[in-house]
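What the coordinates show
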Amino acid sequence: KLIGSGGRDFGIRVTGNISGIDWVVAAVSGNDGGTTVVNSTDNNTAKDIIARIGVAPIENLNLGVSVYKDCSNGAIASRIGGDLKYEKAPIYFQLEYIYGKDGDLDKNGCYIEAGYSIEKLQPIVRAEYYDGNAGAEDSSDVMIGAFGVNYYFNESAKIQLICELKKDKLGA
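Read on for a plain summary of the structure. (Residues numbered from 1 in each chain as written. Predicted model: local features only at pLDDT ≥ 70, side-chain atom pairs only at ≥ 80, totals over all residues. Heavy atoms only, no water.)

1. What about the sheet that holds strand E5 (residues 77-88)?
With respect to topology, 10 strands assemble into an open sheet ordered E1-E2-E3-E4-E5-E6-E7-E8-E9-E10, the strand pairing being antiparallel. Strands with a single pairing partner mark the edges of an open sheet, and in this sheet they are strand E1 (11-18) and strand E10 (157-168). The sheet shows a mean angle of 15° between the axes of neighbouring strands, taken without regard to direction. Two elements, E1 and strand E2 (residues 21-28), share 8 bridges in a ladder whose sense is antiparallel. By the bridge assignment, Arg13 is partnered in E2 with Ala26. (Pairing = 2+ DSSP bridges. Helix = DSSP H or I, 4+ residues; strand = E, 2+ residues; numbered from the N terminus. Axes fitted to C-alpha atoms, helices over the stretch in contact; angles between N-to-C directions.)

2. Section: the packing of aromatic side chains
Applying the stated criterion to the full structure yields 1 aromatic pair. Both rings, one in Tyr151 and one in Phe153, keep their centres 5.1 Å apart while their planes meet at 80°; by these two values the pair is edge-to-face. For Tyr151, a relative accessible area of 31% puts it in the partly exposed group. Residue classification places Phe153 among the partly exposed residues on the basis of a relative accessible area of 49%. (Phe/Tyr/Trp six-rings, centres within 6.5 Å; stacked < 30°, edge-to-face > 60°. Buried < 20%, exposed > 50% of the residue type's maximum accessible area, 1.4 Å probe, protein only.)

Don't take any of this as a statement about function, it's just geometry.
Here is the structure:
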């Protein structure tokens, strides 16, 4: 969400758990570098590689490291990130940091999110920062504050109502 358009890459993903270590590896189309919309056509044969490893040092706490490597023709793009998630009813807390490099362009971002469940309702708050051109004084520095509520139908289905307040570094 922080680096790219918010669109989706299509591909194949394999997940597993070995001795308490969660892992995910995926090969995705990655044809747009995060600049086109969902459902765009794959325009090359190269696939991007995504991987994440996570551990749970204590119950309900997960720590992870992820990487993304653009393998398209001649492109130099990569991402590395770290995340932490704590979830034990009624408390939910998650944060993530990501650093990316697209050619000579450095990008970074982070978010922190917290929620508190009250039966099927979960009020949430979120703060997010993204710099799409690290070091430059431009509108790619974006801060987003959000608040809202999740309603859980069951463990894997929810509806969310959220309000985001967004401001870039130049005041827009």
